[in-house]
Amino acid sequence: MHAYANPTRFLAIARPLTPWLLGLGLALVLAGAWAGLMLVPGDYKQGDTARILYVHVPAAWLGMGGWSALAITGLVQLVWRHPLAGIAARAIAVPGMLFTALCLATGSIWGKPTWGTWWEWDGRMTSMLVLLFLYAGFLALTMEGDGQGRGGSLSRGAAIYALVGAINIPIINRSVVWWNSLHQGPSITLRGSSIDGSLLWPLGLTVLGFTLLFGAIVLMRMRRIIADNRVAARLRRLADDEGA
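Residues numbered from 1 in each chain as written. Predicted model: local features only at pLDDT ≥ 70, side-chain atom pairs only at ≥ 80, totals over all residues. Heavy atoms only, no water.

Asks: Quick rundown of the overall build of the protein? Include the residues and the values.
Replies: Along the backbone of the protein there are 7 helices and 2 strands. Counting from the amino terminus, the protein carries its helices and strands in the arrangement α-α-α-α-α-α-β-β-α. Across the 244 residues of the protein, 42% fall into the buried class. (Helix = DSSP H or I, 4+ residues; strand = E, 2+ residues; numbered from the N terminus. Buried < 20%, exposed > 50% of the residue type's maximum accessible area, 1.4 Å probe, protein only.)

Asks: Any details on unusual backbone geometry? Residues and values, ideally.
Replies: Unlike most non-glycine residues, Arg81 shows phi in positive territory, near 55 degrees. Here Arg81 is to be found in the loop between helix 2 (53-80) and helix 3 (85-115).

Asks: Could you give me a rundown of the packing of helix 4 (residues 123-143) against helix 6 (residues 168-178), with the residues and numbers involved?
Replies: Two quantities define a packed helix pair, namely the angle between the helix axes and the distance between the axes. Between helix 4 and helix 6, the shortest axis-to-axis distance is 8 Å and the interhelical angle comes to 160 degrees. Comparing their axes, helix 6 and helix 4 come out roughly antiparallel. Crossing of helix 4 against helix 6: the hand is left-handed. Facing Gly123, Arg124, Ser127, Met128, Val130, Leu131 and Leu134 of helix 4, the residues of helix 6 in contact are Asn168, Ile169, Ile171, Ile172, Asn173, Ser175 and Val176. When the residues that make up the contact of helix 4 with helix 6 are grouped by side-chain class, the tally is 8 nonpolar, 5 polar and 1 charged. (Axes fitted to C-alpha atoms, helices over the stretch in contact; angles between N-to-C directions. Parallel < 35°, antiparallel > 145°, perpendicular 65-115°, else oblique. Left-handed = near helix turned anticlockwise from the far one by under 90°. Contact = heavy atoms within 4.5 Å. Nonpolar A, V, L, I, M, F, W, Y, C, P; charged D, E, K, R; others polar.)

Asks: How would you sum up the pattern of salt bridges? Please name residues and give values.
Replies: Under the criterion given, the structure shown has 2 salt bridges. Across the pair Arg51 and Asp48 runs a salt bridge whose closest N-O atoms are separated by 3.0 Å. In this structure Arg51 comes out as buried when scored by relative accessible area, which is 17%. (Salt bridge = Lys/Arg side-chain N within 4 Å of Asp/Glu carboxyl O.)

Asks: So what about the UniProt feature "transmembrane region" (unreviewed entry) in the protein? Which residues, and what values?
Replies: UniProt annotation of "transmembrane region" (unreviewed entry) refers to residues 20-40, 60-80, 92-111, 123-142, 154-179 and 199-220 when read in the numbering used here. As annotated, residues 20-40 comprises 95% helix and 0% strand, and the C-alpha atoms at either end are separated by 28 Å. Within the segment residues 60-80, helix and strand shares are 100% and 0% respectively, and the terminal C-alpha atoms sit 30 Å apart. (UniProt positions renumbered as here; feature names shortened; annotations may be inferred.)

Asks: Break down helix 5 (residues 156-165) for me, with residues and values.
Replies: Taken residue by residue, helix 5 has Ala158, Ala159, Ala162 and Gly165 as its buried positions. Buried positions in helix 5, seen along its axis, are confined to an arc of 130 degrees and lie on one side of it. Lining the buried residues of helix 5 we find helix 2, helix 4 and helix 6. (Arc of directions from axis to C-beta.)

Asks: Describe in detail the packing of helix 4 against helix 5, supporting the description with residues and values.
Replies: It is at 10 Å that the axes of helix 4 and helix 5 come closest, and there the two elements cross at 175 degrees. The orientation of helix 4 relative to helix 5 falls into the category roughly antiparallel. Of the residues in helix 5, those touching helix 4 at Phe133, Leu134, Gly137, Phe138, Leu141 and Thr142 are Gly157, Ala158, Tyr161, Ala162 and Gly165. Of the residues assigned to the contact of helix 4 with helix 5, the class counts are 7 nonpolar, 4 polar and no charged.

Asks: Could you give an account of the packing of aromatic side chains, naming the residues involved and the relevant values?
Replies: Tallied over the entire structure, the rule returns 7 aromatic pairs. Between the aromatic rings of Trp67 and Phe138, the centroid separation amounts to 6.1 Å while the plane-to-plane angle is 75 degrees, which identifies the pairing as edge-to-face. Of this pair, Trp67 sits in helix 2 while Phe138 is found in helix 4, placing the two residues 71 residues apart along the sequence. Just as Trp67 is buried, Phe138 falls in that class too. Ring geometry for Phe99 versus Phe214: centroids 5.8 Å apart, planes at 45 degrees, classification tilted. Placement of Phe99 in helix 3 and of Phe214 in helix 7 (residues 197-243) is noted, with a sequence separation of 115 residues between them. Like Phe214, Phe99 is buried. Ring pairing ties together the aromatic residues Trp67, Tyr135, Phe138 and Tyr161, which thus form one cluster. (Phe/Tyr/Trp six-rings, centres within 6.5 Å; stacked < 30°, edge-to-face > 60°.)

In structure tokens, the structure reads:
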């Protein structure tokens, strides 16, 4: 795991990998969106309204997946003090929050014609809103001096915050099972899918495409943070030399 602790070694992989993730992800998202809008039939109950699932489901997956990755980086920071863990966490937080907001927005748009309301304080929607607030709290914490260590690493408090916040992930996942909800039950499980196969395959394209785009965004943000850290280190050395 420490083989890529050196930022130079990490950048040697991240630079060529970023455009591949970006290009392939964009192609898959466009292909999945085109198929979802033009090729597959409308849902037999919800009609064309259900086509929003090709954005809503990937956004929900990446909102939860982003925080899961934050928790992992927090653990790595606390246990192994990996130099890139904090940088990765800060890079993940912004796209994770954006996809969570996109999930809430598309869910609200989907809910209005389906349920007759833009919002309902049920388990799934409320726990997803809590996730949005958790992201906002993490970003606020890591912007403060006591939430960010030297070289972009996370403070102990920020790392613990990321780990504790992960409690919300299984709550989101199981909320439609534990509580009465307007939101439909689990559609895709290890036992199979309740979504008809004719509607399902474009979803695979958009989920994979948005995931690759998420990875590209994270790599781009990590590269920028590393560059900013190097500039800050250079300025500190110059200031030290002038003060000597």
